[in-house]
Amino acid sequence: TLFRSETTPSVYPRLFPLHFILEDDGFQANQKQKHDDGDEASGTGNTDVFPPFPPCQWLSAEKLDGDGLYLLEDGSEILVWVGRNYPQDRLKEVFGVDTVDQLDARQSMLPPNLPNERNKRMNAFINAMRKARSGYMRMRILKRNDSMETLFYNRLIEDRSVAGMSYVEFLCHVHRLIQNKFA
């Protein structure tokens, strides 16, 4: 049997702004939230666990920033989307490459372990995400204007798709059907 926490992401994936998490301000905000939520006081004393996951973003392409880095997970796969304008110095720190074009969408493993904080945070976040799920999640690194990018955009369900309605339009449609049934 699957629990609700395991099946929900397959219907409504989670989208995290990694560029925020990898910055000192974002990391410190998560650490403060962890402390304020009382997780540290729970007696575990485990300080190497990633801080609480940050709030998710809407699953819409209009929320994507061209110089951002995003992680989308659907319970079975992790997709990391790299904007074309993601800063070159951060690319080098996180992925060990000089340009976005050097990223390979067929790569399904973690970025290499590099001796810097951003890379360590990225790996810690992905490992924490995998530990939160019952099975191993394959990872792909996707970039803007890549042929594999459709894997990412197909999961942005807040947007209208070629197949039909957006998620919000679908909910409104179902609501109208229910109202008509009882009218």
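See above for the structure.
Because the structure is predicted, anything quoted here is derived from the model rather than measured. (Residues numbered from 1 in each chain as written. Predicted model: local features only at pLDDT ≥ 70, side-chain atom pairs only at ≥ 80, totals over all residues. Heavy atoms only, no water.)

Here's the deal with helix α5 (residues 117-132)
Given 3.6 residues per helical turn, the α-helix brings residues three or four places apart onto the same face. Between the first and last C-alpha of α5 there are 22 Å, a value that for 16 residues agrees with the 22 Å anticipated at 1.5 Å per step. Residues Arg-118, Asn-119, Arg-121, Met-122, Asn-123, Phe-125, Ile-126, Ala-128, Met-129 and Arg-130 constitute the buried set of α5. Capping of α5 at its N-terminal end is provided by Asn-116; its side-chain oxygen lies 3.2 Å from the backbone amide nitrogen of Arg-118. (Helix = DSSP H or I, 4+ residues; strand = E, 2+ residues; numbered from the N terminus. Expected span 1.5 Å × (residues − 1). Buried < 20%, exposed > 50% of the residue type's maximum accessible area, 1.4 Å probe, protein only. Polar contact = N/O pair within 3.5 Å; in protein donor to acceptor, adjacent residues only side chain to side chain.)

Some thoughts on the packing of helix α4 (residues 88-95) against α5
Each pair of packed helices gets described by two things: the angle between the helix axes and the distance between those axes. Contact geometry for α4 and α5: axes closest at 7 Å, N-to-C directions at 55 degrees. Here α5 runs oblique to α4, going by the angle between their axes. The hand of the α4/α5 crossing is right-handed. Contacts between α4 and α5 involve Arg-90, Glu-93, Val-94 and Phe-95 from the first element and Arg-118, Asn-119 and Met-122 from the second. (Axes fitted to C-alpha atoms, helices over the stretch in contact; angles between N-to-C directions. Parallel < 35°, antiparallel > 145°, perpendicular 65-115°, else oblique. Left-handed = near helix turned anticlockwise from the far one by under 90°. Contact = heavy atoms within 4.5 Å.)

Topic: the side chain of Arg-155
Along the chain, Arg-155 turns up in the loop between α6 (149-153) and α7 (167-182). Of note is the side chain of Arg-155, whose polar atom sits 2.8 Å from the side chain of Asp-74. Non-local contacts of Arg-155, meaning those with residues more than four positions away in its chain, are made with Pro-13, Leu-59, Leu-72, Asp-74, Glu-77 and Leu-79.

As for the pattern of salt bridges
Applying the stated criterion across every chain, the model contains eleven salt bridges. Between Arg-118 and Glu-93 there is a salt bridge, with the nearest N and O atoms lying 2.7 Å from each other. With Arg-118 in helix α5 and Glu-93 in helix α4, this residue pair connects regions lying 25 residues apart in the sequence. (Salt bridge = Lys/Arg side-chain N within 4 Å of Asp/Glu carboxyl O.)

A closer look at the environment of Gln-57
By the element assignment, Gln-57 lies in the loop between α3 (24-36) and β2 (69-73). Here the alpha-carbon distance between Gln-57 and Phe-16, two residues 41 residues apart in the chain, equals 6.1 Å. Each residue touching Gln-57, except ones within four places of it in the same chain, is listed here: Leu-15, Pro-17, Lys-63 and Tyr-70. Polar contacts involving the side chain of Gln-57 include one to the main-chain carbonyl oxygen of Lys-63, which spans 3.3 Å.

Let's talk about the packing of aromatic side chains
The final tally for this structure, using the stated rule, is four aromatic pairs. Here the aromatic rings of Tyr-70 and Trp-81 are separated by 5.9 Å at their centres, their planes lie at 45 degrees, and the arrangement is tilted. Taken together, the residues span a long stretch of sequence, with Tyr-70 in strand β2 and Trp-81 in strand β3 (residues 77-82) at a distance of eleven residues. In this pair, the class of Tyr-70 matches that of Trp-81, namely buried. (Phe/Tyr/Trp six-rings, centres within 6.5 Å; stacked < 30°, edge-to-face > 60°.)

Some details on the nonpolar core
The biggest cluster of nonpolar side chains holds 23 residues, and the ones touching the most others in it are Leu-71, Val-80, Val-82 and Phe-95. Elements represented by at least two residues in this core include exactly α2 (18-21), β2, β3, α4, α5 and β4 (138-143). Ranked by the residues each element gives to this core, the list is headed by α5, at four residues. Residue contacts for Leu-71: discarding those within four places in its chain leaves Arg-14, Leu-15, Phe-16, Leu-18, Ile-78, Leu-79, Val-80, Phe-125, Ile-126 and Met-129. (Core = buried A, V, L, I, M, F, W, Y, C linked by side-chain atoms within 4.5 Å.)

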